Amino acid sequence: MTASPTPPAAKLSPADVADALARLREASPLVQSLTNIVVAPWTANVLLAAGAAPAMVDNPHESGIFAQVANGVLVNTGTPYDDTTEAMRTAVEACRAAGTPWVLDPVAAGGLPWRTHLARDLMSAHPATIVRGNASEIAGLLGGAGGRGVDSADTPEAVLDQARALARQHGCVVAVSGPVDHVTDGDALVRVHNGHELMARVTGVGCVLGALMAAYAAVAPPMLAATAATAHLTVAADRAATESRGPGSFAVALLDHLALLAPAELGEAVRLS
Amino acid sequence: MTASPTPPAAKLSPADVADALARLREASPLVQSLTNIVVAPWTANVLLAAGAAPAMVDNPHESGIFAQVANGVLVNTGTPYDDTTEAMRTAVEACRAAGTPWVLDPVAAGGLPWRTHLARDLMSAHPATIVRGNASEIAGLLGGAGGRGVDSADTPEAVLDQARALARQHGCVVAVSGPVDHVTDGDALVRVHNGHELMARVTGVGCVLGALMAAYAAVAPPMLAATAATAHLTVAADRAATESRGPGSFAVALLDHLALLAPAELGEAVRLS
Amino acid sequence: MTASPTPPAAKLSPADVADALARLREASPLVQSLTNIVVAPWTANVLLAAGAAPAMVDNPHESGIFAQVANGVLVNTGTPYDDTTEAMRTAVEACRAAGTPWVLDPVAAGGLPWRTHLARDLMSAHPATIVRGNASEIAGLLGGAGGRGVDSADTPEAVLDQARALARQHGCVVAVSGPVDHVTDGDALVRVHNGHELMARVTGVGCVLGALMAAYAAVAPPMLAATAATAHLTVAADRAATESRGPGSFAVALLDHLALLAPAELGEAVRLS
């Protein structure tokens, strides 16, 4: 519950975002992903394309050991099982002990009680560095009514008060995905205006955003990490969309542009407010 | 064991198929998939491309709750584990209670006793709305000898009597995939003559057909749902194949064409008999 | 611990490799893959593209039965769980009983004790036909210090003595992946000089190499199987890289070229030493 170590949001500039990407490429952080069976391959490929090093260690025998050496950890509740949820608890505990930044993606929180309790337990044990979700998941994690699975009926704007409350409650950064992405530490707010509707036609684009935040959290403070990850993904999506005729070609082009995007190009293309 | 609610097959026309696609796009049904680790990403992407909303809730704590709100449920026995099979049983029970249509894809039924018993148990508890498999799986589910995994040594034509018997036994629709797809409710028969051999060079094209049937079952009666799903996939495959030089480019183009295909185009291109 | 049944490495020629591919296409071997959730779809698609038939049977109720009918078995320790590791033990035992060739891909061996013990247990129960890993995994399996997950800080050249020791200890073939791939039976050595750095930007390219070795082990003796699988993948990668601008387009082109590559073309393009 300490004060956020990030600078005021007004100071987050496109140049900061560009610099974070340069640091990501330089450091190639090792990102441990405890994620779901639907997006595991896509998550690893997005991390590799962006410049990070993925590792999926999601059994309870090894998740804690690995979280101590990883540079960032992602916990995604998309398809939780008894053994992988135990691995999540162990990993989060190890993040606390080792000081490893971690990102929570509370998929379908609010809509399904079992995983909502899991997500809240994890936050109680050791608050995530960043929580990323759509509007209904953020509201659901705080205590509001949930949506239908991973869809989001509400907009980030509609749950901004809840996002701020969640951030203050846990001393973390909360990122709400939507047509305009919102990132807040409970006080400051950054909006990212890039992105394309084709992102909603490929599975796990939100999930991989959480993974990218875990990568950026290894090289930047939380507000910048969440903002830079969002910028990297949505600017690459903007470029991919101009070349795509459907979700298949878009996903392929997105991976290419995640890799091709140079820091200076990112700084020029990102639209913050 | 009631009579099929579908109209006689002779009345299923290309216009019916086109209309079903229009309804799918309008409704964007929520499809819960309890499927295997090999095709889970591909299944979600095919559903999204086609116009449905995928959700993978496959643990026993949540599968029943979710099956009550889903518009359709897919159960695929490709990589069953103790916890996911328990989730399947719970989901099917919830489908019975809530009236949710569900599709069984009995992968490798007949060849492997454990999963064959599982598939039969599920059908005994509450018959699927549609069963989809290749020839050896349909024969194996009924009681014949099985094939080598997901391959099918036999043709749909060769097991048509068994498909009809299975449909009558359970009061369900049975779809047998092959070069010519066969759909029967035990009495009526519809054949779909579209499709391309490249479909057999990409993993899970049969599995995603089952998922599409679960989506269509939310907006159409079972015979039409199975036929329209088959038409949607195979006509998109025909188009994708003309632009592809191998399985990689074919899979990408297939996703694009699943999304691009308009109802009127589908009605013109599908070849039924 | 018997002497290797393979001919001396000096006799392995590009013509042998071409012939192995021709036999693979002719036989279409059934490959059972017990692998991780990150690469399962990619593994199945690579096997299909190359000309083999994939089947993922990785639960303990069925893995042993299936390993008796499969033509080759892959065991990959990327995301091991209690139930899938039990399935691995059962499958390896069945490989011994049935004489089925099997390939061990000891992902992250050395770095994580639990899976390192698993890999060593499997080798003790019945040595793999081929062990495939990067330099740190091979060193880690033998007993050296491990690396950070699936990355490899060392080169194949640096661990060649350990690779030879491992091969002699178990009477198996050891393949060490890297910029130049090394294959040894403890005595003979074959190097494959093809491949492109984009292979490291797509998840699971190493993992699918292990799967291809399991396919080739069904149609060729171990030294040739490991060499031909490496040649097939790396020559296809060379071709794919010339057409790609990033990891997305590269992965798609790789699948196409795995399918398109003719035996004579492979023989002409492979560079052995």
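Residues numbered from 1 in each chain as written. Chains lettered and ligands numbered in written order. Predicted model: local features only at pLDDT ≥ 70, side-chain atom pairs only at ≥ 80, totals over all residues. Heavy atoms only, no water.

Named according to an unreviewed UniProt entry, chain A is Hydroxyethylthiazole kinase originating from Mobilicoccus pelagius NBRC 104925. The UniProt entry for chain A carries the following text under Cofactor (unreviewed entry): "Mg(2+)". Note on chain A: under the UniProt heading Function (unreviewed entry), the record states "Catalyzes the phosphorylation of the hydroxyl group of 4-methyl-5-beta-hydroxyethylthiazole (THZ)." (UniProt positions renumbered as here; feature names shortened; annotations may be inferred.)

Draft legend 1. Just the overall build of chain A, in detail. Helix and strand counts for chain A come out as eleven helices and eight strands. Here the C-alpha atoms of chain A give a radius of gyration of 17 Å, agreeing with the 19 Å that 2.2 N^0.38 yields for 273 residues. Along the longest, intermediate and shortest principal axes, the C-alpha atoms of chain A span 40 × 35 × 35 Å. Counting all 273 residues of chain A, 64% fall into the buried class. (Helix = DSSP H or I, 4+ residues; strand = E, 2+ residues; numbered from the N terminus. Rg over C-alpha atoms; globule rule 2.2 N^0.38 Å. Buried < 20%, exposed > 50% of the residue type's maximum accessible area, 1.4 Å probe, protein only.)

Draft legend 2. Representation of the confidence of the model for chain A within the structure. Residues and elements named next belong to chain A. Here chain A averages 93 in pLDDT, and 93% of its residues register 70 or above. Low pLDDT, under 50, characterises residues 1-5; the predicted model gives this stretch six contacts beyond four residues in sequence or across chains. Considering only residues more than four positions removed or in separate chains, one finds that residues 145-151, a stretch of pLDDT under 50, has 21 contacts. Across the interfaces of the predicted complex, the ipTM metric reaches 0.93, alongside a pTM of 0.94. (pLDDT = per-residue confidence, 0-100. Contact = heavy atoms within 4.5 Å.)

Draft legend 3. Structural view of the interface of chain A and chain C. Taken residue by residue, the interface counts 32 residues in chain A and 26 residues in chain C. At the junction of chain A and chain C, the tally comes to three salt bridges. C:R245 serves as the salt-bridge partner of A:D256, at 3.0 Å between the closest nitrogen and oxygen. Of all the secondary-structure elements, those providing two or more residues to the side of chain A that touches chain C are helix 2 (40-50), strand 2 (53-55), helix 3 (63-69), helix 4 (82-98) and helix 10 (247-260) of chain A. The class makeup of the residues in the side of chain A that touches chain C is 19 nonpolar, eight polar and five charged. (Salt bridge = Lys/Arg side-chain N within 4 Å of Asp/Glu carboxyl O. Nonpolar A, V, L, I, M, F, W, Y, C, P; charged D, E, K, R; others polar.)

Draft legend 4. Main features of empty space enclosed by the protein. This structure, assessed with the given rule, holds three cavities of 30 Å³ or more. Roughly 780 Å³ of internal volume is contained in the largest cavity. What lines the largest cavity is a set of 36 residues, among which A:W42, A:N45, B:N45, C:W42 and C:N45 lie closest to the centre. For the lining of the largest cavity, the elements supplying multiple residues, two or more each, are helix 2 and helix 10 of chain A, helix 2 (40-50) and helix 10 (247-260) of chain B together with helix 2 (40-50) and helix 10 (247-260) of chain C. Classifying every residue of the lining of the largest cavity by side-chain character gives 25 nonpolar, nine polar and two charged. Each pocket or cavity is described by its volume, and for the second largest cavity that value is around 240 Å³. In terms of lining residues, the second largest cavity is bounded by 22 residues, among which A:I37, A:Y81, B:I37, B:Y81 and C:Y81 are the most central. Sorting the residues of the lining of the second largest cavity by element identifies helix 4 of chain A, helix 4 (82-98) of chain B together with helix 4 (82-98) of chain C as the ones contributing at least two each. (1 Å grid on protein atoms, 1.4 Å probe; cavity = no way out; pocket = protein on both sides within 12 Å on 5 of 7 lines; lining within 4 Å. Points joined across faces, edges and corners; volume = space filled by probe spheres on them.)

Draft legend 5. Structural view of the relation of the copies chain A and chain B. Rotating chain A by 120 degrees and moving it 0.0 Å along the rotation axis overlays it on chain B with an RMSD of 0.0 Å. What the rotation and shift describe, once combined, is the action of a three-fold rotation axis. Measuring from the rotation axis to each C-alpha of chain A, the shortest distance belongs to A:I37, at 3.5 Å. (Least-squares fit on C-alpha atoms with pLDDT ≥ 70 in both.)

Draft legend 6. Broad picture of the relation of the copies chain A and chain C. Mapping chain A onto chain C calls for a rotation angle of 120 degrees and an axial translation of 0.0 Å; the resulting RMSD is 0.0 Å. Little of the interface of chain A is mirrored in chain C, where only 9% of its interface residues again form contacts.

Draft legend 7. The arrangement of the interface of chain A and chain B in detail. Each side of the interface is counted separately: chain A has 26 residues, and chain B has 31 residues. When chain A packs against chain B, the two sides together hide about 2300 Å² of surface, and 58% of this comes from carbon and sulfur. Put simply, chain A and chain B have three salt bridges between them. The salt bridge partner of A:R245 is B:E243, with a shortest N-O separation of 2.7 Å. (Buried area = accessible area lost by both parts, 1.4 Å probe.)

Draft legend 8. Quick peek at the sheet that holds strand 7 (residues 181-184) of chain A. Residue and element names in this part refer to chain A. Taken in spatial order, the eight strands line up as 2-1-3-4-5-6-7-8 in an open sheet, and their pairing is mixed. If you trace the sheet from one side to the other, it starts and ends with strand 2 and strand 8 (189-192), each paired once. The mean angle between the axes of side-by-side strands here comes to 20 degrees, regardless of whether they run parallel or antiparallel. One ladder, built from four bridges, connects strand 3 (residues 72-76) with strand 4 (residues 102-105); its direction is parallel. Bridge pairing in strand 4 places V73 opposite W102. Relative to the sheet, helix 5 (residues 113-125) contacts strand 3, strand 4 and strand 5 (130-134), its axis offset from that of strand 4 by approximately 160 degrees. (Pairing = 2+ DSSP bridges. Axes fitted to C-alpha atoms, helices over the stretch in contact; angles between N-to-C directions.)

Draft legend 9. Molecular detail of the UniProt feature "binding site: ATP" (unreviewed entry) in chain A. All names here are of chain A. Within this numbering scheme, the UniProt entry marks R132 and S177 as carrying the feature "binding site: ATP" (unreviewed entry). Spanning 46 residues, the named residues form one tight spatial group whose C-alpha atoms are at most 7.3 Å apart. Structurally, R132 is set in strand 5. If near-sequence neighbours (up to four positions away) are discounted, R132 is found in contact with L104, D105, P106, E137, I138, A175, S177, G206, C207, L209, G210 and M213. With sequence-adjacent residues up to four places away left out, S177 is seen in contact with R132, G133, N134, A135, P156 and L209. A polar contact of 2.6 Å, which involves the side chain of S177, links it to the side chain of R132. (Polar contact = N/O pair within 3.5 Å; in protein donor to acceptor, adjacent residues only side chain to side chain.)

Draft legend 10. The pairing of strand 3 (residues 72-76) of chain B, seen in detail. Residues and elements named next belong to chain B. Across the five residues that make up strand 3, a large majority, five, are buried. Residues G72, L74 and N76 line one face of strand 3 and the alternating positions V73 and V75 line the opposite face, and both faces are buried. Handedness of the crossover joining strand 3 and strand 4 (residues 102-105) through helix 4 is recorded here as right-handed. (Right-handed = clockwise from strand over helix to strand, strands pointing away.)

Draft legend 11. Summary view of the pattern of salt bridges. In the structure shown here, the tally under the stated rule is 24 salt bridges over all chains. Across the pair B:R132 and B:D105 runs a salt bridge, and its minimum N-O distance is 3.2 Å. Here B:R132, found in strand 5 (residues 130-134), pairs with B:D105, found in strand 4; they are 27 residues apart in sequence, far enough to count as distant. With a relative accessible area of 0%, B:D105 lands in the buried category. Measuring nitrogen to oxygen at the nearest pair gives 2.7 Å for the salt bridge that ties B:R115 to C:E62. In this pair, B:R115 is assigned in helix 5 (residues 113-125) and C:E62 in the loop between strand 2 (53-55) and helix 3 (63-69), connecting two distinct chains. Residue classification places B:R115 among the buried positions, given a relative accessible area of 1%. C:E62 sits in the buried class, given a relative accessible area of 1%. Taken together, the shared-partner salt bridges connect A:E243, A:D256 and C:R245 into one network.

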